[in-house]
Each structure stands twice: as structure tokens, then as C-alpha cells.
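Read off the chains here:
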Amino acid sequence: MKLDQFKPVIDHLGKWLQSVDMYSWGEPLLNKSFVEMIRYSATEHNIRTITSLHLNNLTNEQVEGFVTSGLDKLIVSVDGATQEVYEQYRVEGNIEKVFDNMKRLVNAKAKHNSKLKIVWNFLVMKQNEHQINLAKDRAKEIGVEITFSIMRTNLKDDILGKVENNIQKDAKWIPDNPDYNPYDLEKKTRKNPIKFCKRPWTETFINWNGDVFPCGCVVTENKYSMGNVFETSFDDVWNGEKYIAARKELLDQPNELETICHLCKENGYYTP
């Protein structure tokens, strides 16, 4: 998405938005206007703004940009505490580069007295669960917060795939610690399915090409799109027949359109 496409979206939605999440599929830093987009959301419109990066590549300009742009939270995805473990999931990633880039951000944050919160997020899986304490020590040494999340190898498959298929496919990744395993291996069910999904009422996801989805966690294929903000006003998309059908689906009301919300229910990710 180009900066001149991004600005009108924020201009229109800004007065309602509580938070803007500047990430989904792919690496946000590939967008050359990324820091300017953050600044427009966080500083020009005073909206809480968050991003998530793998942080293998970071220029000096981006370091300065992040800590002065008004960005509230920067999540760094690091699934391991040593190169040998990290690269099993983050293929061809360089963990020392990531650690160095986190340190650069921490130093720049102190220099500018920035409010930016830097959080290391560690997906716990079989190959790295023995490094949780080591990761805590390393995070403390670097000067960042750390969070530990349940195993997830592919967000789309996790939500849209059958549990028994996911368990078979992810066998080598499923941790021994049940606290980080999203599945009940005996019953072959999800441990904590969503009981009621509010997302079609409380959030929206706008893809790089303007396609709109009820959430950013599942798909970006055009066939699941609710509409396109570069072709239609957002208000018309939000109140359009596809969004209405999605909400009816979640309320167990009759509707003639099958949306992505139908698939979530069908595969047990959402279980009312």
C-alpha cells in the first residue's frame, strides 16, 4: 500500500479507531513508506499504533524513525535464544542481527526518551521450549520485555484446517509442555475455541490492495473479501451484504451468503 492510499483510510476511520495494527502477512519493513505511515497514524491522528517485525534488517533511518514516530509497541518475533534453535523455524534468519537491532532500538529509545515499548515474542514449540529461561535472561540483558505464546506454525491452517490434520502435520513442533500446546491430543480438539467472535463488529482488516476482511488472522484471498476501499467507500463495505451475512452467521441467523466466518465455525476454531 502506498502512503497516498493509506492516508485517506486513516483520515476517514481515524476518529473511531482505538488502535492500528500495522502488520499481518509478510514483513512490514518491505514497505519503504512504513515509518511515515506509522507517524501519520500515531502522531498526526494520535491513534495507538503497533507493529510486529522479524527485525533481521533495520537501517539507521528506521531506528530513528521508530523511536520518534509515536509508535506505541514494536513486537519482535524471535522463537529461540540461540542461532541453532532460532533458524529451525525462522529459516535463514540471523539471531545475532536481531539481538543487535533490538539493542540499537533500546539505545535510541533512551536517547530520545521515547514511549516505545519493545516486546520480544517467543512462540513456544518442541525445538525451543528448553530455552525459555535462557530467553528470559537474554531479554533482560538486552533491556526488552518478553512474552511466550502458544505453538503456531501456520495461522491460516490453524484456523481453517481440521484439528486432526493439524496435529498430524505439526507433530514435530508440538511442545511437551501442555501450557503451550493449543490442542487436546487425546480428544483431537482445540483447547480454547472462541465462544463468541466480536471481530465483525469491533475491528476490520484492510489489505495492501484495499480488500477488506473481518479480521487479519486468516486469509487475504480476494474471494473472502468484504469489499475494497479503493473502489467503494468503507461505510458501504462495513454495511454491505457480506459483512451483514458474516454477522448473521455468528449470531446463528439465516443468511444466504457463505463468508469466511462460516469456515471458522465449520472447523471448530469458533465454537458458540
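Residues numbered from 1 in each chain as written. Predicted model: local features only at pLDDT ≥ 70, side-chain atom pairs only at ≥ 80, totals over all residues. Heavy atoms only, no water.

A. Local environment of the packing of aromatic side chains. Summed over all chains, the structure comprises 8 aromatic pairs. Seen in terms of ring centroids, Phe99 and Trp120 are 5.4 Å apart; in terms of plane orientation they differ by 50°. Their pairing is tilted. Taken together, the residues Phe99 in helix 5 (residues 95-112) and Trp120 in strand 4 (residues 117-123) connect sequence positions 21 residues apart. The exposure classification of Phe99 matches that of Trp120, with both residues buried. Counting every residue linked through ring pairs, the aromatic cluster contains Phe234, Trp238 and Tyr243. (Phe/Tyr/Trp six-rings, centres within 6.5 Å; stacked < 30°, edge-to-face > 60°. Helix = DSSP H or I, 4+ residues; strand = E, 2+ residues; numbered from the N terminus. Buried < 20%, exposed > 50% of the residue type's maximum accessible area, 1.4 Å probe, protein only.)

B. Region of interest: the pairing of strand 5 (residues 145-149). Two elements, strand 4 and strand 5, share 5 bridges in a ladder whose sense is parallel. If you follow Phe122 over to strand 5, its bridge partner there is Phe148. Handedness of the crossover joining strand 4 and strand 5 through helix 6 (residues 132-142): right-handed. (Pairing = 2+ DSSP bridges. Right-handed = clockwise from strand over helix to strand, strands pointing away.)

C. Up close: the environment of Asp11. As for its placement among the helices and strands, Asp11 is situated in helix 1 (residues 3-13). Remark: the alpha-carbon pair of Asp11 and His45, spanning 34 residues in sequence, is separated by 8.1 Å.

D. Representation of the pattern of salt bridges. What the rule picks out here adds up to 8 salt bridges. As a salt-bridge pair, Glu141 and Arg138 come within 3.5 Å of each other at their nearest N and O atoms. Residue Glu141 and its partner Arg138 are both found in helix 6; the two are separated by 3 residues, about one turn of the helix. Of the residues examined, Arg138 reaches a relative accessible area of 18% and is grouped as buried. (Salt bridge = Lys/Arg side-chain N within 4 Å of Asp/Glu carboxyl O.)

E. Structural detail: the pairing of strand 4. By the criterion of burial, strand 4 is predominantly enclosed, with 6 of the 7 residues buried. With 5 bridges joining them, strand 3 (residues 73-77) and strand 4 adopt parallel strand pairing. The residue of strand 4 that forms the bridge with Lys73 is Lys117.

F. Examining helix 11 (residues 241-250) more closely. For helix 11, the full list of buried residues reads Tyr243, Ala245, Ala246, Arg247, Glu249 and Leu250. Summarising the contacts, the buried residues of helix 11 are in contact with helix 9 (199-202), strand 9 (211-213), helix 10 (234-238) and helix 12 (260-266). Residue Asp252 follows helix 11 closely and has a positive phi angle near 60°. (Contact = heavy atoms within 4.5 Å.)

G. Seen up close, the side chain of Thr51. Assignment of secondary structure puts Thr51 in strand 2 (residues 48-53). In this structure the side chain of Thr51 is engaged in a polar contact, spanning 2.9 Å, whose partner is the backbone oxygen of Met22. The residues touching Thr51, leaving out its near neighbours within four places in the chain, are Met22, Tyr23, Pro28, Phe34, Leu71, Lys73, Leu74 and Ile75. (Polar contact = N/O pair within 3.5 Å; in protein donor to acceptor, adjacent residues only side chain to side chain.)

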